[in-house]
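# Residue-level structure breakdown
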Amino acid sequence: LGGSISTVFGDCDLDLSNAVIAEGEHMLKFHSVFGDSTIILPKDSAVSVTGNSTFGSLIIMGQRKEGISSDLHVTTPNYESSSRRLQISISKIFGSTRVS
């Protein structure tokens, strides 16, 4: 699991709830200009999420930041000890991003 997703106009929903993270550490880059985004993570996965929003809100695993130039970093407690890890980097210009 890893790669890059980019959107310019419109909402984007990414459902990873049934995904299996392979052994090792993987990076998913998520870039969006206009619209709202939702990312649903696999249950009990080891994830580190870093989000940046220029104008909008970030809601990442229960933590929230909003306004102009918001940054938020959330890591699951099991991240460092897991052999299957996913890093997610989110960059949003206008709109909200929700990761759960």
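Residues numbered from 1 in each chain as written. Predicted model: local features only at pLDDT ≥ 70, side-chain atom pairs only at ≥ 80, totals over all residues. Heavy atoms only, no water.

### Overview of the overall build of the protein
Along the backbone of the protein there are zero helices and seven strands. By the compact-globule yardstick of 13 Å for 100 residues, the protein fits well, its C-alpha radius of gyration being 13 Å. Viewed in the frame of its principal axes, the protein has a C-alpha envelope of about 35 × 20 × 15 Å. Within the protein, buried positions represent 37% of all 100 residues. Taking contacts inside the protein between residues at least 6 apart in sequence as the whole, the part at least 24 apart equals 70%. On the protein, roughly 5400 Å² of surface is accessible, and the fraction owed to carbon and sulfur atoms is 53%. Here the protein carries 8 positive and 10 negative side-chain charges, and the mean point of each set is 2 Å from the other. (Helix = DSSP H or I, 4+ residues; strand = E, 2+ residues; numbered from the N terminus. Rg over C-alpha atoms; globule rule 2.2 N^0.38 Å. Buried < 20%, exposed > 50% of the residue type's maximum accessible area, 1.4 Å probe, protein only. Contact = heavy atoms within 4.5 Å. Areas by Shrake-Rupley, 256 points an atom, 1.4 Å probe, with all protein chains shown as cover. Lys, Arg positive; Asp, Glu negative; His and termini not counted. Charge placed at Lys NZ, Arg CZ, Asp CG, Glu CD.)

### A look at a negative patch on the surface
On the surface, Asp11, Asp13, Asp15 and Asp36 cluster together into a negatively charged patch. Aspartate 11 sits in the exposed class, given a relative accessible area of 61%. (Patch = residues over 30% accessible without salt bridge, like charges linked within 9 Å, V, L, I, M, F, W, Y side chains within 5 Å. Salt bridge = Lys/Arg side-chain N within 4 Å of Asp/Glu carboxyl O.)

### Thoughts on the pattern of salt bridges
Counting across every chain of the model gives four salt bridges. Of the charged contacts in the structure, one is a salt bridge between glutamate 66 and arginine 64, with a shortest N-O distance of 3.2 Å. Accessibility expressed as a relative area gives 53% for glutamate 66, which makes it exposed. The partly exposed category is assigned to arginine 64, whose relative accessible area is 48%. Ionic contacts of the salt-bridge type, sharing partners, join the residues Glu25, Glu80 and Arg85 into one network.

### A closer look at the side chain of lysine 92
Looking at where lysine 92 falls in the secondary structure, it is placed in strand β7 (residues 84-99). There is a polar contact of 2.7 Å between the side chain of lysine 92 and the backbone oxygen of glycine 35. Excluding residues that lie within four positions of it along the chain, lysine 92 makes contacts with Ser32, Val33, Gly35, Asp36, Ser37, Asn52, Ser53, Thr54 and Thr97. (Polar contact = N/O pair within 3.5 Å; in protein donor to acceptor, adjacent residues only side chain to side chain.)

### Remarks on the environment of serine 91
Assignment of secondary structure puts serine 91 in strand β7. We classify serine 91 as partly exposed; its relative accessible area is 27%. Along the sequence, serine 91 and threonine 54 sit 37 residues apart, while their C-alpha atoms lie 8.3 Å from each other. Residues in contact with serine 91, not counting those within four places in the same chain, are Phe30, His31, Ser32 and Asn52.

### Overview of the packing of aromatic side chains
Enumeration over the complete set of coordinates arrives at three aromatic pairs. Where phenylalanine 9 meets phenylalanine 34, the ring centres are 5.2 Å apart and the plane angle is 0 degrees; that geometry is what we call stacked. You can see phenylalanine 9 sitting in the loop between β1 (3-7) and β2 (12-15) and its partner phenylalanine 34 sitting in strand β3 (residues 24-34), a full 25 residues away along the chain. Classification of phenylalanine 34 by relative accessible area gives partly exposed; the value is 34%. Seen from their ring centres, phenylalanine 34 and phenylalanine 94 are 5.0 Å apart, and the 5 degrees between their planes marks the pair as stacked. Linking phenylalanine 34 in strand β3 with phenylalanine 94 in strand β7, this pair joins segments that are 60 residues apart in sequence. Each member of the aromatic cluster is reached from another via a ring pair, and the members are Phe9, Phe34, Phe55 and Phe94. Sitting over the face of the ring of tyrosine 79, arginine 85 holds its NZ or CZ atom 5.2 Å from the ring centroid. (Phe/Tyr/Trp six-rings, centres within 6.5 Å; stacked < 30°, edge-to-face > 60°. Lys NZ or Arg CZ within 6 Å of the ring centre and 35° of its normal.)

Note that every value here comes from positions in space, so none of it alone points to a role or purpose.
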